[in-house]
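An overview of the molecular structure
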Amino acid sequence: MTDSKYFTTTKKGEIFELKAELNSDKKEKKKEAVKKVIASMTVGKDVSALFPDVVNCMQTDNLELKKLVYLYLMNYAKSQPDMAIMAVNTFVKDCEDPNPLIRALAVRTMGCIRVDKITEYLCEPLRKCLKDEDPYVRKTAAVCVAKLHDINAQLVEDQGFLDTLKDLISDSNPMVVANAVAALSEIAESHPSSNLLDLNPQSINKLLTALNECTEWGQIFILDCLANYTPKDDREAQSICERVTPRLSHANSAVVLSAVKVLMKFMEMLSKDLDYYGTLLKKLAPPLVTLLSAEPELQYVALRNINLIVQKRPEILKHEMKVFFVKYNDPIYVKLEKLDIMIRLASQANIAQVLAELKEYATEVDVDFVRKAVRAIGRCAIKVEQSAERCVSTLLDLIQTKVNYVVQEAIVVIKDIFRKYPNKYESVIATLCENLDSLDEPEARAAMIWIVGEYAERIDNADELLESFLEGFHDESTQVQLQLLTAIVKLFLKKPTETQELVQQVLSLATQDSDNPDLRDRGYIYWRLLSTDPVAAKEVVLAEKPLISEETDLIEPTLLDELICYIGTLASVYHKPPSAFVEGGRGVVHKSLPPRTASSESTESPETAPAGAPPGEQLDVIPTQGDLLGDLLNLDLGPPVSGPPLATSSVQMGAVDLLGSGLDSLIGASNFVSPPAAAVPANLGAPMGSGLSDLFDLTSGVGTLSGSYVAPKAVWLPAMKAKGLEISGTFTRQVGSISMDLQLTNKALQVMTDFAIQFNRNSFGLAPAAPLQVHAPLSPNQTVEISLPLNTVGSVMKMEPLNNLQVAVKNNIDVFYFSTLYPLHILFVEDGKMDRQMFLATWKDIPNENEAQFQIRDCPLNAEAVSSRLQSSNIFTIAKRNVEGQDMLYQSLKLTNGIWVLAELRIQPGNPSFMVLQLSLKCRAPEVSQHVYQAYETILKN
């Protein structure tokens, strides 16, 4: 009789009867009762009331009965924690049973009872089982550690189980090694910061030895672990690849994909010149092709992974086009995926074969598949220029079939072909116009309208065609309405006399009768452009369009690199990183491919150009070999060392030469001492004698707290040059503190973390005074504002221009470089007000050839307003006088490195619109005068 009898409903008083049977003296009756209890539990009945009676049955030598009791225990221990403690003694006893199966069963059940109260009692039995003589018990105990860690991580660490687990990696039994690796990987995944799998060449060697002998799932654990290792050089990478390659011929597709993942990662480190590299490429193709002979579901998973592999290394499967040809009985999801890969592999060598196949597909019965096939023909035309003509004639043949959805898809792709090859295939427009009436899908209608508008001068009745669309304007989708508006404006700019009425009609419909804000805004922009400046309108609307790129659906390179690290997992099927679909408290570790070695980099294509620099064009921000910025990559991007601020008083000016070569004449007189802030006299009113004797004091004190002028944020590093990271910023100085106000925006598809910043040596020693603090990971499309405090105690080197600052920013993706110019007024210090007599003596002392003259135009401010505005940026007015109706301001400022700059500002009262300020600057370092003038102009005009 089968076990189904246990699932039939028994008489009244079921629980009571089971209780009696469980306490029976007869072993057979006991076993039957436990089976009935398990059956009731399986169908969802609550049999927790029988907990003590079932636990009593644990004391048995019968392995089958023991298994059933343990099964019950796992299910109900959580709801009956106090009762579960009763079972602890039996566990301890079973862990010392002579039968290894019972020892393993006990330790396995212990790991599944998720009750905090009893975990501490289980530590001793678990410790014994981890060192058991039988490998079956050891491998079970290894997995139990991971389960226990999930319940109580602290306990596992305190008991030293993690170290024991690490020791098991050196076990003589390959299955124990595999389970130890699986357990450590599981723990490391939930605690990304812990460095549990500290792999080194010795442990890797042990794993590779175990790889040949363990079961298929054990091999997967070991291969996944190997994929997280970064070899120290290309020789080690090659050695690992050679030992992993035999796994490619395994019968289990999961083992094959895990091996492919390891090889794809380590190939990054191999030079393309190596013979082995070519051999490896050849060896990778057959296993991937074999995966396509499995059942459809496995084929789909394989195809999604192959799609990633083909994007990263198309050369692996470039000769295997035929295996991706669609079979008549393939499910639609497999057909669409194969089609996608066919286009990625299309090249001049195989395009004829591909086009013949695609034309065949376009006559199939499956509508979705036919649409995709027609689109594929268009993508082939864009990708392989030599095939464009053949593709266009194929599309025209398909249009002649007059099958509605085929015609519509063909028109959409022909629009893209026109964008890629302008003035080449416009002869087909007449054929397209014949099918105008059959278009009922928004995308096809919008594409046709675009073609009519773009080539209106070649179509005699373009106005009639567009007018026919205009009749049902309000019933069209937004996509068609926007396209129609633009097309009619284009037509008007090309044939203004004939279409004035038409353009007025569409502008009126778009702006007055529409409630769509996008349409209304575009309508108003066109209306104002046309009414104010038709020439500008022509330049904007009829501007030459950029050619479209061949592969618009490629995965972003950084995301692709991450997905390659997840081959054989769900991420590779979704084509999304785990962080996009895994929820919960578990930290998702972002993986990336290992860095290329020098030998492999030398043969790489321009894709390895740093931070998005176009091939052949070296951005001046990106360091060249031998440039002083060249070693920024190797700089320690940890927190900067904040040194003491520069002494601002009693500095022997003659000894200061912070700007390096060329500024030796910074300060001539060695006896010239900068006055301490406290030494500035409160009253400067006393007469001074010749020349400036009638100067009088305007104000006392040193600086205000209002803060200097802050420029609006500018984009310093565009996202396209930094793999999706956009950095905008500005500089501020407030109450003596300089800061760099940054705005970081993540425009990539993956989370960004681990930010750090470093400055190159610069003219004034600007350096971060604290680490770059981004407190949470920066998610896609998220923006964060950060204020980075700066000091001026960094290394000094004269830059060109003087205020140039070169910056390196690092995150989990890469290191990026940019340079920016900081406004000099952020370096004007608060104690820059010079004593009046000192001012006069210094002005005379500085040679006349060091004086620089500048003009500041269109500054509608009077002397008081000028003085007040400059003082808020630490440019202090020492004195003021009026000479022949002109206001003269005498001013001083001091830079953070102790350089003084003296100024005479002449203000001619009169018409504010034509006011010109004459600025004379004197400084012992004339190189700074130009930048001080720019600071004056910036402060006074903003």
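Residues numbered from 1 in each chain as written. Predicted model: local features only at pLDDT ≥ 70, side-chain atom pairs only at ≥ 80, totals over all residues. Heavy atoms only, no water.

On a plain count of helices and strands, the protein comes out with 37 helices and 13 strands. Burial status across the protein gives 51% buried among its 942 residues. Across the protein, contacts joining residues at least 24 apart in sequence account for 67% of those joining residues at least 6 apart. Entry remark: accessible area of the protein is about 43,000 Å², with carbon and sulfur atoms responsible for 51%. (Helix = DSSP H or I, 4+ residues; strand = E, 2+ residues; numbered from the N terminus. Buried < 20%, exposed > 50% of the residue type's maximum accessible area, 1.4 Å probe, protein only. Contact = heavy atoms within 4.5 Å. Areas by Shrake-Rupley, 256 points an atom, 1.4 Å probe, with all protein chains shown as cover.)

A few words on the pattern of salt bridges. Tallying each qualifying case throughout the model produces 34 salt bridges. Between Arg138 and Asp171 there is a salt bridge, and its shortest N-O distance comes to 2.9 Å. Note that Arg138 is positioned in helix 10 (residues 135–151) and Asp171 in the loop between helix 12 (161–167) and helix 13 (174–190), a separation of 33 residues in sequence. Of the residues examined, Arg138 reaches a relative accessible area of 10% and is grouped as buried. Among the ionic contacts, a cluster of salt bridges with common partners joins Arg371, Arg375, Glu409, Glu441 and Glu443. (Salt bridge = Lys/Arg side-chain N within 4 Å of Asp/Glu carboxyl O.)

Okay, the packing of aromatic side chains next. Tallied over the full model, the rule gives 12 aromatic pairs. Arranged with centres 5.3 Å apart and planes meeting at 75 degrees, the rings of Phe418 and Tyr455 form a pair that is edge-to-face. With Phe418 in helix 24 (residues 404–420) and Tyr455 in the loop between helix 26 (442–454) and helix 27 (462–470), this pair connects stretches of sequence that are 37 residues apart. Tyr455 shares its class with Phe418; the two are buried. Measuring from ring centre to ring centre gives 5.9 Å for Trp716 and Phe818, while their planes differ by 25 degrees; the resulting arrangement is stacked. Here Phe818 lies in strand 8 (residues 815–821) and Trp716 lies in strand 1 (residues 714–717), a separation of 102 residues in the sequence. Phe818 carries the same exposure label as Trp716, and that label is buried. Every member of this aromatic cluster is reached through a ring pair, and the members are Trp716, Phe731, Phe818 and Tyr822. In this structure, Lys335 is placed above the aromatic ring of Phe369, and the distance from its NZ or CZ to the ring centre is 5.1 Å. (Phe/Tyr/Trp six-rings, centres within 6.5 Å; stacked < 30°, edge-to-face > 60°. Lys NZ or Arg CZ within 6 Å of the ring centre and 35° of its normal.)

A few words on the sheet that holds strand 7 (residues 804–810). With antiparallel pairing, 3 strands are arranged side by side in an open sheet as 4-7-8. Edge positions in the sheet fall to strand 4 (756–759) and strand 8, since each has one partner strand and no second. For this sheet, the mean inter-axis angle between neighbouring strands, taken without regard to orientation, is 25 degrees. Judged from the 4 bridges that link them, strand 4 and strand 7 form a sheet pairing that is antiparallel. Looking across to strand 7, one finds that Ile757 is bridged to Val809. (Pairing = 2+ DSSP bridges. Axes fitted to C-alpha atoms, helices over the stretch in contact; angles between N-to-C directions.)

In terms of burial, strand 2 (residues 725–734) is a largely internal element, 9 of the 10 residues being buried. Sheet analysis places strand 1 next to strand 2, joined by 3 bridges and oriented antiparallel. Among the inter-strand pairings, Leu717 is bridged to a residue of strand 2, identified as Ile727. Alignment of strand 2 against strand 3 (residues 737–746), held across 10 bridges, turns out to be antiparallel. By the bridge assignment for strand 3, Phe731 is matched with Met740. Taking the residues that link successive antiparallel strands as the turn, the strand 2-strand 3 hairpin has 2 residues, and the phi of Val735 there is positive, at about 45 degrees.

Because an α-helix packs 3.6 residues into every turn, residues spaced three or four apart end up facing the same way. Among all positions in helix 35 (residues 836–845), only Arg836, Phe839, Leu840, Thr842 and Trp843 are buried. Tucked inside the fold, the buried residues of helix 35 contact strand 9 (851–857), strand 10 (876–883), strand 11 (886–894), strand 12 (900–907) and strand 13 (916–923). Between a side-chain oxygen at the N-terminus of helix 35 and the backbone nitrogen of Gln837 the separation is 3.2 Å; the capping residue is Asp835. (Polar contact = N/O pair within 3.5 Å; in protein donor to acceptor, adjacent residues only side chain to side chain.)

Turning next to helix 13. The terminal C-alpha atoms of helix 13, which comprises 17 residues, lie 25 Å apart, in line with the 24 Å expected from a rise of 1.5 Å per residue. Most of helix 13 sits out of view: 14 of its 17 residues are buried. Between the side-chain oxygen at the start of helix 13 and the backbone nitrogen of Met175 there is a gap of 2.8 Å, and the oxygen is on Asn173. (Expected span 1.5 Å × (residues − 1).)

This part takes up the packing of helix 14 (residues 201–211) against helix 15 (residues 216–227). One way to put it is that helix 14 packs onto helix 15 with a least axis distance of 10 Å and a crossing angle of 150 degrees. On the basis of the axis angle, helix 14 is roughly antiparallel to helix 15. Pair helix 14 / helix 15 crosses with left-handed handedness. Packed against helix 14, whose contacting residues are Ile204, Leu207, Leu208, Ala210 and Leu211, the element helix 15 presents Gln219, Ile222, Leu223, Cys225 and Leu226 at the interface. Partitioning the contact of helix 14 with helix 15 into residue classes produces 9 nonpolar, 1 polar and no charged. (Parallel < 35°, antiparallel > 145°, perpendicular 65-115°, else oblique. Left-handed = near helix turned anticlockwise from the far one by under 90°. Nonpolar A, V, L, I, M, F, W, Y, C, P; charged D, E, K, R; others polar.)

Two pairing modes exist for strands in a sheet, parallel and antiparallel, and in both the strands are linked by backbone hydrogen bonds. With antiparallel pairing, the 5 strands of this open sheet are ordered in space as 1-2-3-6-5. The open sheet is flanked by strand 1 and strand 5 (767–768), the only strands paired with a single partner.

Before going further, it helps to examine a negative patch on the surface. A cluster of acidic side chains, namely Glu464, Glu467, Glu471 and Glu501, defines a negative patch on the protein surface. Position of Glu471 among the secondary structure elements: in the loop between helix 27 and helix 28 (478–494). Overall, Glu471 belongs to the exposed group, its relative accessible area being 70%. (Patch = residues over 30% accessible without salt bridge, like charges linked within 9 Å, V, L, I, M, F, W, Y side chains within 5 Å. Lys, Arg positive; Asp, Glu negative; His and termini not counted. Charge placed at Lys NZ, Arg CZ, Asp CG, Glu CD.)

The next subject is the environment of Ile220. Inspection of the secondary structure assignment puts Ile220 in helix 15. Given the relative accessible area of 10%, Ile220 is considered buried. In this structure the C-alpha to C-alpha distance between Ile220 and Arg247, which are 27 residues apart in sequence, comes to 9.9 Å. Excluding its chain neighbours within four sequence positions, the residues that come into contact with Ile220 are Ala254, Val255 and Ser258.

Quick look at the state of the cysteines now. Covalently bonding the sulfur atom of one cysteine to the sulfur atom of another cysteine gives a disulfide. A full pass over the atoms with the stated rule returns 0 disulfides. Free of any disulfide, Cys123 has its nearest neighbouring cysteine sulfur in Cys144, separated by 9.5 Å. For Cys123, a relative accessible area of 2% gives the class buried. (Disulfide = S-S within 2.5 Å.)

Another aspect to go through is the side chain of Thr820. Looking at the secondary structure, you find Thr820 in strand 8. What makes Thr820 buried here is its relative accessible area of 7%. Setting aside residues no more than four positions away along its own chain, Thr820 makes contact with Trp716, Phe731, Asn803, Asn804 and Leu805.

If you trace the backbone, Glu14 turns up in helix 1 (residues 14–22). Classification of Glu14 by relative accessible area gives partly exposed; the value is 22%. Note: C-alpha distance between Glu14 and Val37 (23 residues apart in sequence) is 10.0 Å. Among all residues touching Glu14, those that are not within four sequence positions of it are Ser40 and Lys45.

For the rest of this paragraph, the subject is the packing of helix 17 (residues 253–267) against helix 18 (residues 275–291). Two elements in contact, helix 17 and helix 18, have axes separated by 11 Å at closest approach and are oriented at 155 degrees. Relative to helix 18, the element helix 17 lies roughly antiparallel. Crossing of helix 17 against helix 18: the hand is left-handed. Contacts between helix 17 and helix 18 involve Ser253, Val256, Leu257, Val260, Leu263 and Met267 from the former and Tyr277, Leu280, Leu281, Leu284, Pro287, Leu288 and Leu291 from the latter. Here the residues of the contact of helix 17 with helix 18 are counted per class, giving 12 nonpolar, 1 polar and no charged.

Read these as layout, nothing more, since geometry by itself doesn't imply function.
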